[in-house]
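An overview of the molecular structure
Okay, here's what each chain looks like letter by letter:
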Amino acid sequence: MDFSPTTEQEELRGQARAFLAGNPRPSWRELAALGWTGVSVAESDGGTGLGYLEEAVLFEELGRAVTPTPYRTTVAVVLPALPPDLQGEVARGEASWTLAIGPLVQDLDTATRIAYVGGDSIWELEGAEREILQTNDESRPLGVVTGGTAGRRLAGSELLPLLRTRSLTALALEACGVGERALDLGVDHARGRTQFGRAIGSYQAVSHALATTFVELELGRSLALFAAWCVAERDDRAAVAAAAAKAHCADAAVAACERSIQIHGGIGFTWEHVLHRLYKRALGIQAWETSGERLRAQIADHLLGGGL
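Values in this document were obtained by computation on a predicted structure and should not be read as measured data.

Brief notes about the packing of helix α8 (residues 238-264) against helix α10 (residues 292-303)
Where α8 meets α10, the axes come as close as 9 Å, and the angle between the chain directions of the two elements is 145°. Between α8 and α10 lies a crossing whose hand is left-handed. Contacts between α8 and α10 involve V240, A243, A244, K246, A247 and D251 from the first element and G292, L295, R296, I299 and H302 from the second. In terms of residue class, the contact of α8 with α10 is made up of 6 nonpolar, 2 polar and 3 charged.

Next up, the structure:
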């Protein structure tokens, strides 16, 4: 199995990193103009007809840039439940979505439409009131939905396990992007900051922490890419692969941010530095959907012949 990126995927990564560096808060229309919202939408419906592996590149880069956008909730979660005409609206930048499946809902401040689960179906929720809550991660606020009525039926609820697998994988990929940027910041600071006439990166207490972060992130990236491949190929191992990736990558991203903050010293705690935003996003990823402990318990249950 070869996880080496294709030429197109490398070009997409370069385009995404350059664009997000110059546009930290892009609009949904801008993402659509780049073709990102329709990556896996059929060409006949206005998309590019690619797949989840190309979306995986964007999940990682959007995590690295800590971009406030409903891209994951729309593309990773709701998109497979949408009929072709509604997928076309997403591809054209006319609609973005979030899924209300629990008491807290992500991206209510930016998603234009809401899907929810009722009975044996996934429906569009119409006329609901939205309350946006104040959270630590300002780039990904949470909210509460009240009221509303069922609109168009989107899909059957048997699709929910697939949507959860896609969501966990996207979270893992985001975590990889967050962790990688935190590591890059730590390495750059360790190279440039001197103490007692030497770069602080030459001291083992610093270099070993960075090396540990690198190893953890590389393992996590392999897990996340394998999960993305399983999703793209509809492999039977997708659910357990996504659980393993999210459990490890989220923890690795949190640890990467904590080590980088420590290496930066007082600078790492300042409001002007990006590290606190990366750290908040990593903590949010770690907590969302389910904890790493529960995911590891589910994996153990699977290995012993149980669920997932």
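Side note on the sheet that holds strand β1 (residues 97-100)
One open sheet accounts for 4 strands, arranged β1-β3-β4-β7; its pairing is mixed. In the strand order of this sheet, the two ends are held by β1 and β7 (149-156), each with one partner. The mean inter-strand angle of the sheet, taken between neighbouring strand axes irrespective of direction, is 35°. Judged from the 4 bridges that link them, β1 and strand β3 (residues 113-118) form a sheet pairing that is parallel. Residue pairing in the sheet places A100 in a bridge with Y116 of β3. The strands that helix α4 (residues 71-78) touches are β1 and β3; relative to β1, the one it contacts most, it runs at about 70°.

Examining α4
Across the 8 residues that make up α4, a large majority, 8, are buried. Along α4, the residues that are buried comprise Y71, R72, T73, T74, V75, A76, V77 and V78.

Definitions and cut-offs
- Residues numbered from 1 in each chain as written.
- Predicted model: local features only at pLDDT ≥ 70, side-chain atom pairs only at ≥ 80, totals over all residues.
- Heavy atoms only, no water.
- Axes fitted to C-alpha atoms, helices over the stretch in contact; angles between N-to-C directions.
- Helix = DSSP H or I, 4+ residues; strand = E, 2+ residues; numbered from the N terminus.
- Left-handed = near helix turned anticlockwise from the far one by under 90°.
- Contact = heavy atoms within 4.5 Å.
- Nonpolar A, V, L, I, M, F, W, Y, C, P; charged D, E, K, R; others polar.
- Pairing = 2+ DSSP bridges.
- Buried < 20%, exposed > 50% of the residue type's maximum accessible area, 1.4 Å probe, protein only.

These figures come from the coordinates and say nothing about function on their own.
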